[in-house]
Amino acid sequence: MLPSPVAIHAAHSLINPYIHHTPLLTSRTLNTIASTPQSPESLAGTPFEGQDPSHPRLRFFFKCENYQRIGAFKARGAFHALLRLVEERGEEWVKRRGVITHSSGNHAQALALAASTLNIPAYIVMPRISTSSKIAGTQSHGAEVIFSGSTSVEREAVVADIQGRTNAILVPPYDDYNIICGQGTTGLELEGQYWETVREEPGLSAHAGNGGGLDAVITPIGGGGLNAGVATFFSDKSTRVFGAEPNFEGADDCRRGLEAREHVPAVSTLTIADGLRTPVGLLNWAIISNPSKVAGVYAVTEEQIKAAMRLVLERMKVVVEPSAVVGLAVCLYNEDFRRRVVTEAGEEGWDIGIVFSGGNTTVEAIGKLYS
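Residues numbered from 1 in each chain as written. Predicted model: local features only at pLDDT ≥ 70, side-chain atom pairs only at ≥ 80, totals over all residues. Heavy atoms only, no water.

A separate point is the overall build of the protein. The helix and strand inventory of the protein stands at 15 helices and 10 strands. The globule rule puts the C-alpha radius of gyration for 371 residues at 21 Å, and the 20 Å found for the protein is close to it. Seen through its principal axes, the protein has C-alpha atoms that stretch 60 × 40 × 40 Å. Within the span of the protein, comprising 371 residues, buried residues form 59% of the whole. (Helix = DSSP H or I, 4+ residues; strand = E, 2+ residues; numbered from the N terminus. Rg over C-alpha atoms; globule rule 2.2 N^0.38 Å. Buried < 20%, exposed > 50% of the residue type's maximum accessible area, 1.4 Å probe, protein only.)

Put into structure tokens, the structure is as follows:
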């Protein structure tokens, strides 16, 4: 069963008491940078070397899930999945068995928080190389953390071992109906906040005074829960939804899968966007591979991710993790995407919602990125 926009509205009503209504920010500086053609030097060594850089007109609206509880959008899906589980199976049954998941950090913290809030035991499998702040955040909510290797295959093997010992209920990090519905509430809030923002200040929109609405929304894709949920919410609207991935060591499994028309089942990558090191889940793939729901997926390099993150840190004064800015990096540096904006929007340009998926990093990690 695939989620629907109605299911996402219902999810928002259920989780609303437990989550933050995160802000929507704009940046005239980043609008200007994105609407300026890239230099010929920046295109050197790319498929666009020697060609005229594109000149799109872009207006950004940043949904700041880095300000969400536990510092990432994952709180939405975790609370929704756990609340539905209690609703369907009963509180005592769930408490007796406990819950388990695997995650590099954000879903780990989210499920630990949700379980702590509802007084349910939680077992969290995390890669040994997870960011120290994410490990500490997960442990701070009382969850039992068990370490594993970094790939999804290694994580899942440890989960199976613990389930055999504890009989804990698996709450998947992304490939799950209730998780997708919870993450999709990000899109619901984004749309409402966009209309509030442009009504108050029409000049922020590329369609000033014309009521054009959001032309596009772009989210990062790891396991695909956020993108699938947001795409589901907008599936009965004219807003296009795009996905963004790192291309380092094959982390762009979704983009490659769409190109080959075949789901890519495994990924082994150490991209700096550590939240995006997992393959797209099968249920999410059923949504994302539908061109009527997701208009395309684009990839960027590690250096482009770092450049986008630097702009957010220095120009917007907003703390984000590398995974959060992959969508912005696509808008700034991926010429395929930028040319698409020019082709489809012409001189008017696009209003684009960008989801900053999380902000769980450390001063040390940021320093290492730019050392």
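After presenting the structure, the write-up continues.
With the rule as written, the count across this model stands at 11 aromatic pairs. Arranged with centres 4.9 Å apart and planes meeting at 80°, the rings of Phe61 and Tyr194 form a pair that is edge-to-face. Pair noted here: Phe61 is in strand E2 (residues 58–64) and Tyr194 is in helix H8 (residues 177–200), with a separation of 133 residues, a long-range link. Judged by centre distance (6.1 Å) and plane angle (50°), the rings of Phe242 and Tyr298 are tilted. (Phe/Tyr/Trp six-rings, centres within 6.5 Å; stacked < 30°, edge-to-face > 60°.)

With that settled, the discussion passes to the pattern of salt bridges. Under the defined criterion, the tally for this structure stands at 18 salt bridges. Among the salt bridges present, the one from Glu344 reaches Arg240, with a minimum N-O distance of 3.0 Å. Taken as a pair, Glu344 in helix H14 (residues 335–345) and Arg240 in strand E8 (residues 240–246) lie far apart in primary sequence, 104 residues in all. The class for Glu344 is partly exposed, based on a relative accessible area of 37%. Given a relative accessible area of 25%, Arg240 falls into the partly exposed group. Among the salt bridges present, the one from Glu259 reaches Arg255, with a minimum N-O distance of 3.5 Å. Placement of the pair is Glu259 and Arg255 together in helix H10 (residues 253–260), with a separation of 4 residues, close to one helical turn. Relative accessible area serves as the criterion here: at 24%, Arg255 is assigned to the partly exposed category. What emerges from the salt-bridge pattern is a single network uniting Lys63, Glu65, Arg76 and Glu189. (Salt bridge = Lys/Arg side-chain N within 4 Å of Asp/Glu carboxyl O.)

One pass over the full model with this rule turns up 1 cavity of 30 Å³ or more. Looking at the largest cavity, its volume works out to about 270 Å³. Along its surface, the largest cavity is lined by 27 residues, and Phe73, Lys74, Gly223, Gly275 and Leu276 are the ones closest to its centre. For the lining of the largest cavity, the secondary structure elements donating two or more residues are helix H5 (106–117), H8 and helix H9 (225–233). (1 Å grid on protein atoms, 1.4 Å probe; cavity = no way out; pocket = protein on both sides within 12 Å on 5 of 7 lines; lining within 4 Å. Points joined across faces, edges and corners; volume = space filled by probe spheres on them.)

Listing the buried residues of H10 in full gives Asp253, Cys254 and Gly257. Down the axis of H10, the smallest arc covering the buried residues is 95°, so these residues share one side. Each element contacted by the buried residues of H10 is listed here: E8, helix H11 (282–288) and strand E9 (296–300). Downstream of H10 by a residue or two, Arg261 has a phi angle that is positive, lying close to 60°. (Arc of directions from axis to C-beta. Contact = heavy atoms within 4.5 Å.)

Function-wise, these values are silent; they only describe arrangement.
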